[in-house]
Amino acid sequence: MLVPRLTDTVLATVYDALEETANRAGYATFVSNTHDDPEEQRRLVSLLLGRAVDGLIIGDARLDNDNIARMREHGADIVLLSRRSPDAESVTIDDVAGGRIAGEHLVALGHQRIGLVCGPLYASTAADRLDGFRAALAAGGVVLPSERIYEEGFDVAAGRRGAQWLLDRPDAPTAIFATNDDCAMGVLRERGLTPGREVSVLGYNDIPISRELTVPLSTVGCPIREMGMRAAETMLAMVHRLPVSSVMVQPTSVARATTGWPLSI
């Protein structure tokens, strides 16, 4: 399995479920970190194919290059995980639906000035969540201007920088959607504002720590372990030359304490 960073809680959980499923079927797995670098991805894929692996599960597909298409030209069995690409079957969260859930939640609470802190848009996870979120806001009569979209990364530090950038604006948002929970926790750490009262903060994935925070994080719940299990099952079917197709697992709304009605609209 190729991933950007296995230190990411979501990817670590996915890999655990994937490994369990593969081991039960008699297959061994191992993981390599690419740091989301296309050149490193190409190097590692060449190395793995040279060792005659049965298949590749790839968690770092990007929308801005043709690496996946080139791998397919070499006859590799490939399943994409978490991120999608038009060039291979994938197992993903329905991220457009997840973004829509996030937008509908904030609109239903009455927020009109909403900001977004998202990962890089070469990752379908960020691009699709943005698309769904923007569509839900538009349906509720809320505009998401480009100057309220902060694009950087999925980690805590990116969340802190994104919150600082948004909250320094003269039209600072009353609510911020971060496209994963780590990023949302970075937003929560900025300025000492009371989440759910002075500013609403919404995350994505519902990793375990989200519910254990002093102020539990509102988020979009995702069946992360199911995604890992389904990716392994799809690869096993592919290896045994059975028909396969892309899979989308469905997200849900998880409203907790970090979102509430705006103090002023």
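What you see is a predicted model; the values in this text were computed from it and never measured.

Caption draft 1: Here's a closer look at the overall build of the chain. Looking only at helices and strands, the chain has eight helices and 12 strands in total. For 265 residues, the compact-globule formula gives about 18 Å, and the C-alpha radius of gyration of the chain, at 19 Å, lands near that figure. Seen along its three principal axes, the alpha-carbon backbone of the chain occupies a region of about 60 × 35 × 30 Å. Within the chain, the proportion of its 265 residues that are buried is 54%.

Caption draft 2: Structural view of the packing of aromatic side chains. Counted by the stated rule, this structure contains three aromatic pairs. Centre to centre, the rings of Phe-133 and Phe-177 are 4.7 Å apart; their planes meet at 40°, and the pair counts as tilted. Separated by 44 residues along the polypeptide, Phe-133 in helix α5 (residues 124-139) and Phe-177 in strand β8 (residues 175-178) bring together distant segments of the chain. An angle of 50° between the planes, with centres 6.4 Å apart, marks the rings of Phe-177 and Tyr-204 as tilted. One end of the pair, Phe-177, is in strand β8; the other, Tyr-204, is in the loop between β9 (200-202) and β10 (219-221), and 27 residues separate them in sequence. Neither residue differs from the other here; Phe-177 and Tyr-204 are each classed as buried. Stacked on the ring of Tyr-122, the Lys or Arg Arg-62 has its end atom at 3.5 Å from the ring centre.

Caption draft 3: Spatial organisation of the environment of Pro-145. In this structure, Pro-145 sits in the loop between α5 and β7 (149-151). Given a relative accessible area of 19%, Pro-145 falls into the buried group. On a C-alpha basis, the gap between Pro-145 and Thr-29 in space is 44 Å, while along the polypeptide they are 116 residues apart.

Caption draft 4: Quick look at the sheet that holds β9. If you trace the four strands from one edge of the open sheet to the other, you get β7-β6-β8-β9, paired in parallel fashion. Two strands in the sheet have a free side with no partner beyond their single neighbour: β7 and β9. On average, each strand axis in the sheet is inclined to that of its neighbour by 15°, with strand direction left out of account. As paired elements, strand β6 (residues 114-118) and β8 share four bridges and run parallel to each other. Within β8, the residue paired with Val-117 across the bridge is Ala-178. The strands touched by helix α6 (residues 156-167) within the sheet are β6, β7 and β8, with β6 carrying the most contacts at an inclination of about 150°.

Caption draft 5: Molecular detail of helix α7 (residues 181-189). Of all the nine residues making up α7, eight are buried; the element is thus mostly covered by neighbouring parts of the structure. Looking at α7, one finds that the buried residues are Asp-181, Asp-182, Cys-183, Ala-184, Met-185, Gly-186, Val-187 and Leu-188. Arg-191 sits one or two residues past α7 and shows a positive phi near 75°.

Caption draft 6: Local environment of helix α1 (residues 9-24). End to end, α1 covers 23 Å across 16 residues, agreeing with the expected 22 Å (1.5 Å per residue, within 8%). For α1, every residue scored as buried is listed here: Val-10, Leu-11, Val-14, Tyr-15, Ala-17, Leu-18, Thr-21 and Ala-22. Take α1 and look down its axis: the buried residues cluster within an arc of 170°, on one side only. Those residues of α1 hidden inside the fold are in contact with β1 (2-3), β3 (56-58), β4 (78-81) and α8 (224-239). Measuring from the side-chain oxygen of the N-cap residue of α1 to the backbone nitrogen of Val-10 gives 2.9 Å; that N-cap residue is Asp-8. Looking at the residues trailing α1, positive phi occurs at Gly-26, about 90°.

Caption draft 7: Fine view of the pattern of salt bridges. With the rule as written, the count across this model stands at 18 salt bridges. Linking Asp-16 and Arg-225 is a salt bridge whose minimum nitrogen-to-oxygen distance equals 2.8 Å. Of the two residues, Asp-16 sits in helix α1 while Arg-225 sits in helix α8, which places them 209 residues apart along the sequence. A residue is classified by how much of its surface remains accessible, and Asp-16, at 34% relative accessible area, is partly exposed.

Procedures and definitions
Residue numbers here run from 1 along each chain, matching the order of that chain's written sequence. Where local features are concerned, this predicted model is filtered to residues with pLDDT of at least 70; where side-chain atom pairs are given and counted, the filter is 80 or more; whole-chain, interface and lining totals use all residues. To obtain the side-chain values, all non-hydrogen atoms of the structure were included, while hydrogens and water were left out. By definition, any uninterrupted DSSP run of H or I lasting at least four residues is a helix, any uninterrupted run of E lasting at least two residues is a strand, and each is numbered from the N terminus. In this treatment the radius of gyration is a C-alpha quantity, and the globule benchmark scales as 2.2 Å times the residue count to the 0.38 power. A simple rule labels every residue: compare its accessible area, found with a 1.4 Å probe on the protein chains alone, to the largest value its type can have, and call it buried under 20%, exposed over 50%, or partly exposed in between. Working definition: rings of Phe, Tyr and Trp (its six-membered ring) pair if their centres are within 6.5 Å, and the pair is stacked with planes under 30 degrees apart, edge-to-face with planes over 60 apart, and tilted otherwise. Whether a charge lies above a ring is judged from NZ of Lys or CZ of Arg, which has to be within 6 Å of the ring centre and within 35 degrees of the ring normal. Paired strands, as defined in this entry, are two strands with at least two bridges between them according to DSSP. Axis definition: a line fit to C-alpha positions, over the contact stretch in the case of helices; interaxial angles, taken between N-to-C directions, run 0 to 180 degrees. Contacts are residue-level and defined by heavy atoms, with any inter-residue pair within 4.5 Å sufficient. One less than the residue count of a helix, multiplied by 1.5 Å, gives the span that helix is expected to have. Starting at the helix axis, one direction is taken to each C-beta atom, and the arc is that of these directions. For this analysis, a polar contact is any N or O atom pair within 3.5 Å, provided that within protein one partner can donate a hydrogen and the other can accept it, and provided that sequence-adjacent residues contribute only side-chain to side-chain pairs. Salt bridges are counted wherever a side-chain nitrogen of Lys or Arg sits within 4 Å of a carboxyl oxygen of Asp or Glu.

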